Amino acid sequence: KGWFGKLLETKPVVYLGKITYGIYVYHYFMPYLFKMVGLPDIKIVKILYPVVTVIMASASWFLLEKPINNL
(Lines give C-alpha, C1' and ligand atoms only; values in the text may rest on other atoms or scores of the structure.)
Protein backbone atom coordinates (compact mmCIF):
# COMPACT_ATOMS: atom_id res chain seq x y z
CA LYS A 1 0.00 0.00 0.00
CA GLY A 2 1.03 3.61 -0.26
CA TRP A 3 3.10 5.31 -2.93
CA PHE A 4 5.66 2.49 -3.10
CA GLY A 5 2.94 -0.11 -3.63
CA LYS A 6 1.44 2.02 -6.39
CA LEU A 7 4.88 2.33 -7.99
CA LEU A 8 5.27 -1.46 -7.98
CA GLU A 9 1.87 -1.84 -9.64
CA THR A 10 2.67 0.43 -12.60
CA LYS A 11 2.70 -1.26 -16.01
CA PRO A 12 6.42 -0.74 -16.74
CA VAL A 13 7.47 -2.21 -13.39
CA VAL A 14 5.08 -5.16 -13.75
CA TYR A 15 6.42 -5.80 -17.26
CA LEU A 16 10.04 -5.68 -16.06
CA GLY A 17 9.07 -8.15 -13.35
CA LYS A 18 7.69 -10.45 -16.01
CA ILE A 19 10.95 -10.47 -18.00
CA THR A 20 13.29 -10.41 -14.98
CA TYR A 21 14.71 -13.87 -15.59
CA GLY A 22 15.72 -12.89 -19.14
CA ILE A 23 17.33 -9.71 -17.85
CA TYR A 24 19.27 -11.78 -15.33
CA VAL A 25 20.43 -14.27 -17.95
CA TYR A 26 21.29 -11.86 -20.78
CA HIS A 27 22.91 -9.00 -18.86
CA TYR A 28 26.10 -10.98 -18.41
CA PHE A 29 26.62 -11.33 -22.17
CA MET A 30 26.24 -7.67 -23.14
CA PRO A 31 29.92 -6.68 -22.92
CA TYR A 32 30.89 -9.73 -25.00
CA LEU A 33 28.14 -9.11 -27.55
CA PHE A 34 29.16 -5.49 -28.00
CA LYS A 35 32.80 -6.54 -28.31
CA MET A 36 31.92 -9.13 -30.98
CA VAL A 37 30.01 -6.49 -32.96
CA GLY A 38 33.05 -4.25 -32.78
CA LEU A 39 31.71 -1.40 -30.66
CA PRO A 40 34.33 0.36 -28.55
CA ASP A 41 34.37 -0.10 -24.78
CA ILE A 42 33.46 3.48 -23.86
CA LYS A 43 30.93 4.89 -21.38
CA ILE A 44 28.37 5.95 -24.00
CA VAL A 45 28.23 2.40 -25.38
CA LYS A 46 27.88 0.97 -21.87
CA ILE A 47 24.68 2.99 -21.51
CA LEU A 48 23.22 0.77 -24.23
CA TYR A 49 23.83 -2.42 -22.20
CA PRO A 50 20.58 -2.18 -20.20
CA VAL A 51 18.57 -1.14 -23.25
CA VAL A 52 19.74 -4.07 -25.35
CA THR A 53 19.37 -6.40 -22.37
CA VAL A 54 15.71 -5.45 -21.93
CA ILE A 55 15.11 -5.85 -25.68
CA MET A 56 16.67 -9.32 -25.67
CA ALA A 57 14.80 -10.34 -22.51
CA SER A 58 11.54 -9.12 -24.02
CA ALA A 59 12.14 -11.07 -27.22
CA SER A 60 13.02 -14.13 -25.17
CA TRP A 61 9.80 -13.78 -23.17
CA PHE A 62 7.56 -13.61 -26.24
CA LEU A 63 9.41 -16.11 -28.42
CA LEU A 64 10.47 -18.72 -25.88
CA GLU A 65 9.22 -18.39 -22.31
CA LYS A 66 5.58 -17.41 -22.87
CA PRO A 67 4.89 -20.21 -25.40
CA ILE A 68 6.41 -22.74 -23.01
CA ASN A 69 4.31 -21.36 -20.13
CA ASN A 70 1.18 -21.69 -22.26
CA LEU A 71 1.70 -25.44 -22.78
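Everything that follows concerns the structure shown earlier in this document.
Thresholds, definitions, all that
Residues numbered from 1 in each chain as written. Predicted model: local features only at pLDDT ≥ 70, side-chain atom pairs only at ≥ 80, totals over all residues. Heavy atoms only, no water. Phe/Tyr/Trp six-rings, centres within 6.5 Å; stacked < 30°, edge-to-face > 60°. Patch = residues over 30% accessible without salt bridge, like charges linked within 9 Å, V, L, I, M, F, W, Y side chains within 5 Å. Areas by Shrake-Rupley, 256 points an atom, 1.4 Å probe, with all protein chains shown as cover. Salt bridge = Lys/Arg side-chain N within 4 Å of Asp/Glu carboxyl O. Helix = DSSP H or I, 4+ residues; strand = E, 2+ residues; numbered from the N terminus. Polar contact = N/O pair within 3.5 Å; in protein donor to acceptor, adjacent residues only side chain to side chain. Contact = heavy atoms within 4.5 Å. Axes fitted to C-alpha atoms, helices over the stretch in contact; angles between N-to-C directions. Parallel < 35°, antiparallel > 145°, perpendicular 65-115°, else oblique. Nonpolar A, V, L, I, M, F, W, Y, C, P; charged D, E, K, R; others polar.

Here we come to the packing of aromatic side chains. Counted according to the given criterion, the structure contains five aromatic pairs. Summarising the aromatic geometry, the rings of Tyr-28 and Tyr-32 are spaced 5.7 Å apart at their centres and angled 55° between planes, so their arrangement reads as tilted. Taken together, Tyr-28, Phe-29 and Tyr-32 form an aromatic cluster joined through their ring pairs.

A cluster of nonpolar side chains, namely Trp-3, Phe-4, Leu-7, Leu-8 and Val-13, defines an oily patch on the protein surface of about 530 Å² accessible area. Its location among the elements puts Leu-7 in helix α1 (residues 2-8).

What follows concerns the side chain of Thr-53. Of note, Thr-53 is situated in helix α6 (residues 48-69). A distance of 2.6 Å separates the side chain of Thr-53 from the backbone oxygen of Tyr-49, its partner in a polar contact. Setting aside residues no more than four positions away along its own chain, Thr-53 makes contact with Ile-23, Tyr-26, His-27 and Met-30.

The next point concerns the packing of helix α4 (residues 30-37) against α6. With their axes 10 Å apart at the nearest point, α4 and α6 run at an angle of 100° to one another. In terms of orientation, α4 and α6 fall into the roughly perpendicular class. On α6, the residues that touch Met-30, Pro-31, Leu-33 and Phe-34 of α4 are Leu-48, Tyr-49, Val-52, Thr-53 and Met-56. Broken down by class, the residue content of the contact of α4 with α6 amounts to eight nonpolar, one polar and no charged.

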